[in-house]
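What follows is each chain in one-letter form.
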2 protein chains.
Amino acid sequence: MKPLDLLIHNVQIADVVRLRLYLGWVGIAQGQFQYVEEGPPPTHLQAQQILDGQGQTLTPGLIDSHMHIESSLATPRRFAEAVLPHGTTSVLADPHEMANVLGAAGVRYMVEAAQGLPLRVFTAIPSCVPATDELETALGSITAEDVRALTQLPGVIALGELMDYQGLARGSQRLKRLIETAREAGLLLEGHTPTLGGTILSDYAAHGITSDHTLSTPEKLLEQLTKGFTVMLQEKSLNAAVVEAVRGLPDRSRVLLITDDVMPNRLVSGHLSRIVQLAISLGWPAMDALASATLRPAMYLRRPELGLIAPGRKADFLLMESLSAFPPRAVYVEGVEVARSGQSTFALPSPLPSPTGGELKRPGFRPEDFQFPIADGSHPTRVIRMNPQNSFTRLETHTTTFKSREPTDPPLATIGVFQRQGHRPGALGLLAGLGLRSGAFASSLAHDSHHLLVVGRSTQRLAQAANALLVLGGGMVFADAEQTLTLPLPIAGLISDAPTSEVAVAFDNIENALRANGVNHKNPVLFLTLLALTVSPEVKMSDLGLVDVEARRIIPLFEQSP
Amino acid sequence: MKPLDLLIHNVQIADVVRLRLYLGWVGIAQGQFQYVEEGPPPTHLQAQQILDGQGQTLTPGLIDSHMHIESSLATPRRFAEAVLPHGTTSVLADPHEMANVLGAAGVRYMVEAAQGLPLRVFTAIPSCVPATDELETALGSITAEDVRALTQLPGVIALGELMDYQGLARGSQRLKRLIETAREAGLLLEGHTPTLGGTILSDYAAHGITSDHTLSTPEKLLEQLTKGFTVMLQEKSLNAAVVEAVRGLPDRSRVLLITDDVMPNRLVSGHLSRIVQLAISLGWPAMDALASATLRPAMYLRRPELGLIAPGRKADFLLMESLSAFPPRAVYVEGVEVARSGQSTFALPSPLPSPTGGELKRPGFRPEDFQFPIADGSHPTRVIRMNPQNSFTRLETHTTTFKSREPTDPPLATIGVFQRQGHRPGALGLLAGLGLRSGAFASSLAHDSHHLLVVGRSTQRLAQAANALLVLGGGMVFADAEQTLTLPLPIAGLISDAPTSEVAVAFDNIENALRANGVNHKNPVLFLTLLALTVSPEVKMSDLGLVDVEARRIIPLFEQSP
């Protein structure tokens, strides 16, 4: 028999094919499972290291098949450090934010930064960069030629979520070329269909797009499965009704659990592990939920070497108190321990130099930059009405009183969106329902184009926050009379190479300050950074002005030109 | 909505993901499903052709994920003509026999001959050619360099069954290089593990081999699934116990139905369809059995565009009276009808020129060529004892009486194995239990090396059959005092470009003559053509002599040298 590097006996092995546990032993050589057997090991086996598993459960490492590392505001190495202890050993990452700022160079940076990590990072090339062509000034863009070049990079296996279903339906030549290039290269085509059904969903699927990860319902899940989709369920899709629908399926091999986006302050409580636990708490049988986070995503990603405790497979595995007892006691990748008791134990590789481009290079802001070009008095004004539960907005027309070029009644927050570099003036808009009493928030992370977003209640605070952000060189700021709180995100103004725990503290400080100053949204920072997302219904702000998302056009702020 | 080439409404659509039938309609454009919807179609749809399905069942075309076209003694175009009417629309073919005669050129011929056919032919490169290095003279061989070159051909997606598990276990450098080359090229590695279990099976799997199609049992099925295998069940593996084990699985996505080998005279009654029907008759739920012959093999073959009635998938489908009512009323490939009511309806492309090499070029045989070099009298002699049910044999030592260099008592058949070309004498052996009273059989199809095999009861008939085979230029012959029956297989002496129905008649004639002359084996021709398979336990004949398969050596015919 083959000499082993590691032998672990007396473990309950999770068999995610037959959905059972069995007492047995595993032998590992050269980073892969050589033996996976029931019962006790033969006595004559040679192994460098022998471990008594003491009846613990041995499961495959978790595989997150749709996610964005930038959502955790982290570089790949810091992300790996944060999620490996929770049992995530592989991800398919779509570096959508880095691409929006840096184009193909942003994708290259993220791929390079993931080399040599114990976390397996596969990459989806972002497909819809920029989100819209004509409603904003794009920093980065991804073309068919970029896709062709990027497929040569290690681990690039997919074209990222095709969010612009309207563009596809209209026959966009750009998307067509992108899809053709991706299909020629054998990439997976990832979908994004929040509202599609019937023949419209079929038209979308007919492009060869085979997954969806947006908010699901039992009806949507069933229709998508029939139409050949792999359905990815994230936190917001998991509820009793959806889990009941999943349990009723005779074959769940095309239902996956994913994270999509995890803010840094959530990472402390888990990663994909938390989604698995949530599924189990809603009645999804534990072993089956585990299969939807291990073997099934491996099959979707066409990585037969992953997701399974079986000979010839990579020895990526977890040692657990029980199937759902996250964090695991120990996490192994290719047979080497990388985390123990919730702490990473691998040597962090050196950081990459920051990529260039996207730097914040503007002259300082003055309070006048946030003044509206309108005479004192009352004017019919288009405002963005927010929903405190989600990122959807409505377009409303208010009669707004202005004094000294600032709105005074009703109490509205001013939104400014400015290009990162140069002297162009940017655009101003008004937000109803935020609840902010004083102070201002500024961010260089503002989906999807990541211009400078500033939201606040007085021209003085708006300028104060915006200038602090310029000094910071990227990140987030909350400024009021007493304090200026900062979260530095020096890499492309989007992510940080600091430990995610530090980032989480700074993030929480800003979010708490927003709440303390009256902001009543469930997720204040997430909501604010989505205010510039020109494809999110029904009205948003870009550097070019107020955006009517459904009509796909810029609309004037004032009903009659002042 | 997209204009359609074909719209079929009022059909029960087989949903092999959710394992259900539903009344709906499909719209086809450019060879793929554009719409697959429940209920009646919208009235405003444009379609070149509209078909009322009259409540028929619409299923995906069948996908045979492990098979050998040569087993049907047919060229790819004749094979397509025979199996499309039975609903087989895709195959993974391993041209193992052509490779044994012609090497890589045999694989190239089979790939080229499959181009332009409505049958989708994917190809597995035969891995164990020749079957053994030292026990016989090989005609063709496949090296790692051949594998590298052949992966460039269209549809080459796998390395064919790695039968030489002993060679692998011994660390054969040839197999190691072959596997490395195949893994680098991203090929599937197909297994063949008739007898392996436990750590020996794991050692085999650790090479990255992920399937097995040999005779299965419930225990073997379950162990292989746990160890990550895709288990392929063929006719001989299907019985009540195995089907019960399959029904007990919570996930059957890694259990497939396959044909492996179908002799030409069986093709009239079906192809993979017959295996599906057999599974259903043994209690396998019909829709689930269908999934194991459609979607599940498509996933195994990593062809997400196949196996499913869903938008974006190839419009390969069957119209059936019911789920198990084979042959289908109509068979469509890429939205075009290719068969109806058991008859192919597509225009057969022109045949390719026959490949060169492997021609039969020997001087004529004389009766003396079949005489044993031994004095008259009784001699302790090693003979091959056959089993009338299968291809296994035992080595026995008989005291055999020879007269005029022919065995006279007990009644034994003489086996001769000769190279196809040149003057080398070949080897003679003796077979017990065949039952042949008179006449002789000759064949240029003789697994795996396909030398000339001659089996018969008198030197005169042996020479008569062998000479008839030389005249035929390849194929099979039965000769006795009254008649010389022939089945011409002019292409590499293995296959024919005649319609399979004609081949089946000639094949039946020979098999019936063998039976009429006393042969008592269940499958006379199959058994005889496996007599030279030097890896099939326990004793076989090669052109070099009597082969002890387990010991992997040539042994003398007579216990004491004469």
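Because the structure is a prediction, the values reported are computed rather than measured.

A look at the interface of chain B and chain A
Then, number 1: At the interface, 44 residues of chain B touch 44 residues of chain A.
Then, number 2: Between chain B and chain A the total buried area reaches about 3,500 Å² when both faces are included, carbon and sulfur atoms providing 52% of it.
Then, number 3: Of all residues in chain B, Arg18, Thr226 and Arg254 of chain B give up the largest surface area on contact with chain A, accounting jointly for 18% of the area buried on that side.
Then, number 4: Linking chain B with chain A are two salt bridges, by the criterion used here.
Then, number 5: A salt bridge links glutamate 37 of chain B to lysine 227 of chain A; the nearest nitrogen and oxygen atoms lie 2.6 Å apart.
Then, number 6: Taken together, the connections running from chain B to chain A amount to 20 residue pairs in polar contact (both at pLDDT 80 or more).
Then, number 7: Among the elements of the structure, β2 (20-29), β3 (32-38), α7 (198-205), α8 (218-226) and α12 (295-300) of chain B are those that each provide at least two residues to the side of chain B that touches chain A.
Then, number 8: Examining the composition of the side of chain B that touches chain A, we find that six residues originate from one element, β3 of chain B, more than from any other.

Observations regarding the relation of the copies chain B and chain A
Then, number 1: When chain B is fitted to chain A, the residual RMSD is 0.0 Å, and the transformation amounts to a turn of 180 degrees plus an axial shift of 0.0 Å. Expressed as a symmetry operation, the mapping of one chain copy onto the other fits a two-fold axis. Across chain B, the rotation axis passes nearest the C-alpha of aspartate 251 of chain B, at a separation of 3.2 Å.
Then, number 2: A share of 100% of the interface residues of chain B reappears at the interface of chain A, consistent with the copies meeting face to face through the same patch.

Quick word on the environment of arginine 394 of chain B
Residue and element names in this part refer to chain B.
Then, number 1: Looking at where arginine 394 falls in the secondary structure, it is placed in strand β19 (residues 393-403).
Then, number 2: With a relative accessible area of 47%, arginine 394 lands in the partly exposed category.
Then, number 3: For arginine 394 and isoleucine 125, which are 269 residues apart along the polypeptide, the C-alpha to C-alpha distance reads 32 Å.
Then, number 4: Within the local environment of arginine 394, its side chain forms a polar contact with the side chain of glutamate 396, the two groups lying 2.7 Å apart.

Criteria and cut-off values
- Residues numbered from 1 in each chain as written.
- Chains lettered and ligands numbered in written order.
- Predicted model: local features only at pLDDT ≥ 70, side-chain atom pairs only at ≥ 80, totals over all residues.
- Heavy atoms only, no water.
- Contact = heavy atoms within 4.5 Å.
- Buried area = accessible area lost by both parts, 1.4 Å probe.
- Salt bridge = Lys/Arg side-chain N within 4 Å of Asp/Glu carboxyl O.
- Polar contact = N/O pair within 3.5 Å; in protein donor to acceptor, adjacent residues only side chain to side chain.
- Helix = DSSP H or I, 4+ residues; strand = E, 2+ residues; numbered from the N terminus.
- Least-squares fit on C-alpha atoms with pLDDT ≥ 70 in both.
- Buried < 20%, exposed > 50% of the residue type's maximum accessible area, 1.4 Å probe, protein only.

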